[in-house]
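Inside the fold
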Amino acid sequence: NFHWMRPHLQDAWARFTNDLIAQAVRLHPDRFLGMAALPQHFEQDTSHALPELDRCVNELGFVGAYVNPDPSGNRDAPGMDDPYWYPLYERAIQLGIGLIVHPAATFDRRLERLTNNYQFANVIEEYIATQLLSQSNLFEKYPELRVTICHCGGSLDRFIKSDPHVGQRDVSNNLFFDTCAHDIDFLTAAIKQRGVGQMLFGSEVPGSGGALRPETGRPADDLVPVIAGFDFLSEDDKLKIF
């Protein structure tokens, strides 16, 4: 999702990107499934993205779509519990697909000096989305909606589960998190805090976790052997995550 493009460019770029994804799936149908890039723009609600979503699912056979919770990079779009997002949620339910939350870059001037500052946008925006979705009544309104938030939800809660600072609603049928976190201690804590039933295997091979683990010499984002080696998980737990 390239938030700095004007709407007319967003549409063309999303269509071009999705056509390339569809070609990759056609070349390797036993390896890949398509996820749509949507032409989001903060000045228009998500109904603007529905024609491209329909095309991707109905014509290209895609099984879901990526969502940027901060399309402009300036945090001026409504939060993910807002009616701004309802057209997309309703269409996702109609199509029987899931949505994956993954931010793009940020225009926060404070972060310009930091290397790979888009990673900080990931942490902040994913955690905000996690809190808005888990503490609102969105899934009561849309009980069939399924949302996965990348990178274990961006950050972890520092409160115990019964604390009113965190959401007390049961979102176990609606809200999920991928395992794309490369620090083993963080990933361990995320699985324990989120629960095995909410964790879905995710990685970026190859991706931002290309640094080699000193103890194994394998890339950090090679998470299959990491999760397979967790002794706090049963074999059934590991299969559920994978």
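First, a word on scope: everything that follows refers to the structure included in this document. Note on numbering: residues in each chain are counted from 1, in written sequence order. Predicted model: local features are reported for residues with pLDDT of at least 70 only, side-chain atom pairs are reported and counted for 80 or more only, and whole-chain, interface and lining totals are derived from all residues. Each side-chain value is worked out from all heavy atoms of the structure, with water and hydrogens disregarded.

Here the focus is the overall build of the protein chain. Labels follow the DSSP assignment, with helices taken as runs of H or I lasting at least four residues and strands as runs of E lasting at least two, numbered in each case from the N terminus. Regarding its fold elements, the protein chain presents 8 helices and 6 strands. For 242 residues, the compact-globule estimate of 2.2 N^0.38 gives 18 Å, and the protein chain sits close to it at 18 Å. To sort residues, take the accessible area from a 1.4 Å probe on protein chains only and compare it with the maximum for the residue type: under 20% means buried, over 50% means exposed, and anything in between is partly exposed. Every one of the 242 residues in the protein chain was classed for burial, and the buried ones make up 46%. Relative to all contacts within the protein chain whose residues are 6 or more apart in sequence, the contacts with residues 24 or more apart total 68%. Residue-level accessible areas treat just the shown protein chains as cover; the underlying method is Shrake-Rupley with a 1.4 Å probe. Roughly 12,800 Å² of accessible area belongs to the protein chain as shown, and the carbon and sulfur atoms make up 55% of that amount. For the protein chain, the centre of its 21 positive side-chain charges and the centre of its 33 negative side-chain charges are spaced 2 Å apart. Note that the radius of gyration is over C-alpha atoms, with the globule rule given as 2.2 Å times the number of residues to the power 0.38. Contact between two residues is taken to exist if any of their heavy atoms lie within 4.5 Å; hydrogens are not considered. Charge convention: Lys and Arg are scored as positive, Asp and Glu as negative, and His as well as the terminal groups of each chain are ignored. For this purpose, a charge sits on NZ of Lys, CZ of Arg, CG of Asp or CD of Glu.

The biggest cluster of nonpolar side chains holds 47 residues, and the ones touching the most others in it are Tyr89, Leu133 and Leu145. If we skip the residues at most four places from it in the chain, leucine 145 touches Tyr89, Ala92, Ile93, Leu99, Leu138, Phe139, Asn173 and Asn174. By nonpolar core is meant a set of buried Ala, Val, Leu, Ile, Met, Phe, Trp, Tyr and Cys residues that side-chain atoms within 4.5 Å join together.

We now examine the sheet that holds strand 5 (residues 175–178). Taken together, the 6 strands give an open sheet; going across it, the order is 1-2-3-4-5-6, and neighbouring strands pair in parallel fashion. Two strands in the sheet have a free side with no partner beyond their single neighbour: strand 1 (35–36) and strand 6 (199–200). Two strands form a pair only when DSSP identifies at least two bridges running between them.

Right, let's talk about the pattern of salt bridges for a bit. For this analysis, a salt bridge means a side-chain nitrogen from Lys or Arg found within 4 Å of a carboxyl oxygen belonging to Asp or Glu. One pass over the structure, following the stated rule, counts 12 salt bridges. Lysine 240 serves as the salt-bridge partner of aspartate 236, at 3.4 Å between the closest nitrogen and oxygen. Taken as a pair, aspartate 236 and lysine 240 lie in helix 8 (residues 235–241) at a separation of 4 residues, close to a single helical turn. Looking at aspartate 236, the relative accessible area reads 44%, which means it is partly exposed. Beyond isolated ion pairs, a larger network of salt bridges with shared partners links Arg75, Asp108, Arg110 and Glu125.

Positionally, aspartate 82 belongs in the loop between strand 2 (64–67) and helix 3 (86–95). Expressed as a C-alpha distance, the spacing of aspartate 82 and leucine 133, which sit 51 residues apart in the sequence, is 9.8 Å. Between N or O atoms, a polar contact is any pair within 3.5 Å; within protein, one atom must be a potential hydrogen donor and the other a potential acceptor, and residues adjacent in sequence are included only when both atoms are from side chains. A distance of 2.9 Å separates a polar side-chain atom of aspartate 82 from the backbone nitrogen of tyrosine 84.

Tracing the backbone through its elements, the reader meets aspartate 108 in the loop between strand 3 (98–101) and helix 4 (118–135). Since its relative accessible area comes to 14%, aspartate 108 is described here as buried. Apart from the residues within four sequence positions on either side, aspartate 108 is in contact with Gly73 and Arg75.

Multiplying 1.5 Å by the residue count of a helix minus one yields the expected span of that helix. For helix 1 (residues 7–27), built from 21 residues, the straight-helix expectation of 30 Å at 1.5 Å per residue is met to within 8% by its first-to-last C-alpha distance of 30 Å. Here helix 1 has its buried residues at Pro7, Gln10, Ala14, Asn18, Ala22 and Val25. One side of helix 1 holds all its buried residues, which, seen down the axis, span an arc of 95°. Away from its buried face by more than 90 degrees, helix 1 exposes His8, Leu20, Arg26 and Leu27. Along its buried surface, helix 1 packs onto strand 1 and helix 2 (50–58). As used here, the arc belongs to the directions running from the helix axis to the C-beta atoms.

Burial along strand 3 is two-sided: the residues Gly98 and Ile100 and Leu99 and Val101 are all buried. Here strand 2 pairs with strand 3 via 4 bridges, running parallel. Considered in strand 3, the bridge of valine 67 is made with valine 101. By convention, a crossover is right-handed whenever its connection, traced from the first strand over the helix to the second and viewed with the strands pointing away, goes clockwise. Handedness of the β-α-β unit built from strand 2, helix 3 and strand 3 comes out right-handed. Where strand 3 lies against strand 4 (residues 147–149), 3 bridges are found, and the strand directions are parallel. Within strand 4, the residue paired with leucine 99 across the bridge is valine 147.

The topology assignment puts glutamine 10 in helix 1. For glutamine 10, the side chain forms a polar contact with the main-chain oxygen of glutamine 40, separated by 3.0 Å.

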